Amino acid sequence: MGRSRSCLSTTLVFVVFELCLVRCDITDGNAEHLKREHSLMKPYQGVGSSPSSQWDFSGSTLVTSSYVRLTPDERSKQGSIWNTVPCYLKDWEMHVQFKVHGSGKKNLHGDGIAIWYTKDRLHPGPVFGNKDQFLGLAIFLDTFRNDLHGMDRSFPYISAMINNGSVSYDHGKDGRSSELGGCSAEIRNRQHDTYLAIRYSKGRLTVMVDVDDKNEWKECIDIGGVRLPTGYFFGASAATGDLSDNHDIISMKLYQLMVEHTPEEENLDWTKIEPSVSLLKSPKDNVDDPTGNFRGTPLTGWKVFLLLLCALLGIVVCAVVGAVVFQKRQERNKRFY
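Everything numeric in this text was worked out from a predicted model, so none of it was measured.

(A) Spatial organisation of the sheet that holds strand β5 (residues 92-101). Taken in spatial order, the 7 strands line up as β2-β3-β15-β5-β10-β11-β12 in an open sheet, and their pairing is antiparallel. Of all strands in the sheet, those bounded by a partner on one side alone are β2 (62-63) and β12 (218-223). Across 5 bridges, strand β11 (residues 204-210) lies against β12 in antiparallel orientation. Across the sheet, residue methionine 208 finds its bridge partner in β12, namely glutamate 219.

Spelled out as structure tokens, the structure:
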């Protein structure tokens, strides 16, 4: 019994230690790790089309002293802003301060904002103001429901997509077929600014939101097995259609995460990595799931057999463990008679 307690205590100490290491890797807005060449902040110096500019913009984007407005509250507008400096950090965290607001009533506004980490930049297109079949990562802040059958989720809705250039974003179904994860968030017409944090570290993508102005992050997306190359560009874009909104970026701050990598990882040419996620199947091979999550193609006979076999083995193991525990209790109880 004493040995079991000792093992349990050792395990708890190890878990706490690991958690502390993870927390130490999180910048949490530490100015020491702020990468200014990849950050967009007031008064937006270095924004423009000159050769020395670190940020460039296109379309309907308007740069003021207080915000960067990607689209005004007008129909059929597209705008974007892009970092001109490629990012070679292996582990990073982007904090986005933004505001979506307009005169449209409930369900009469659109379309939303996208935050990008992609190979190409400044290519207007149909995906929230950017090109389709992109290479890299996109985080969509979608404010308008296109799929009237998808009533299991509420909008605005935040989702993530990794693309190797072969997948198209399906607007008609709000990107369900390529979505890696998501959550609903009331980001529109708030009396305060709203925040989004995107963290990529050790192959894990985490997206968090702060929409209540409580200085507290709430987890929205957490995906492992993500592979993103270095040398891509950060950007933001937005679009309106028949419905509209003001889509404002207040700031985009990139922080370097101080993470150790194995010698094999350090020697890898990270610029040659293909954007991907370690799922059972790639997004383009998955069938649509009304819950908004991935599920593979229908189960074949051998898959069903394996599932039943695993379930049977689990039952047998539980039965054996239960019998052993019961026998030991019986033996222990006999000692007191």
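(B) Structural detail: the environment of methionine 208. Tracing the backbone through its elements, the reader meets methionine 208 in strand β11. Separated by 11 residues in the primary sequence, methionine 208 and glutamate 219 have C-alpha atoms spaced 4.4 Å apart.

(C) Examining the pattern of salt bridges more closely. The final tally for this structure, using the stated rule, is 14 salt bridges. Its salt-bridge partner being aspartate 269, residue lysine 272 comes within 3.5 Å of it at the nearest N-O pair. Its relative accessible area of 38% is what places aspartate 269 among the partly exposed residues.

(D) View of the nonpolar core. Of all hydrophobic cores here, the largest spans 48 residues; its most connected members are Trp92, Ile115, Ile139, Leu196 and Ile249. At 5 residues, the largest contribution of residues to this core is made by β5. Ignoring sequence-local partners within four residues, the contact set of isoleucine 115 consists of Val96, Leu137, Ala138, Ile139, Leu141, Leu196, Ile198, Gly235, Ala236, Ile249 and Met252. Residues Trp116, Phe128, Met161 and Val167 belong to the second largest nonpolar core, which totals 12 residues.

Calculation criteria
- Each chain carries its own residue numbering, running from 1 in the direction its sequence is written.
- Residues qualify for local features only when their pLDDT is at least 70, as the model is predicted, and side-chain atom pairs are given and counted only at 80 or more; totals for whole chains, interfaces and linings, by contrast, use all residues.
- In computing side-chain properties, one takes all heavy atoms of the structure into account and sets aside hydrogens as well as water.
- By the convention used here, strands pair only if DSSP detects at least 2 bridges between them.
- Put simply, DSSP marks the helices as runs of H or I at least four residues long and the strands as runs of E at least two long, and each gets a number from the N terminus on.
- Each salt bridge in this description consists of a side-chain nitrogen of Lys or Arg and a carboxyl oxygen of Asp or Glu lying within 4 Å of one another.
- Each residue is placed in one exposure class: buried if its accessible area under a 1.4 Å probe, protein chains only, is under 20% of its type's maximum, exposed if it is over 50%, and partly exposed if it falls in between.
- Residues belong to a common nonpolar core when they are buried Ala, Val, Leu, Ile, Met, Phe, Trp, Tyr or Cys residues joined through side-chain atoms within 4.5 Å.
- By definition in these notes, contact holds between two residues if any of their heavy atoms fall within 4.5 Å.

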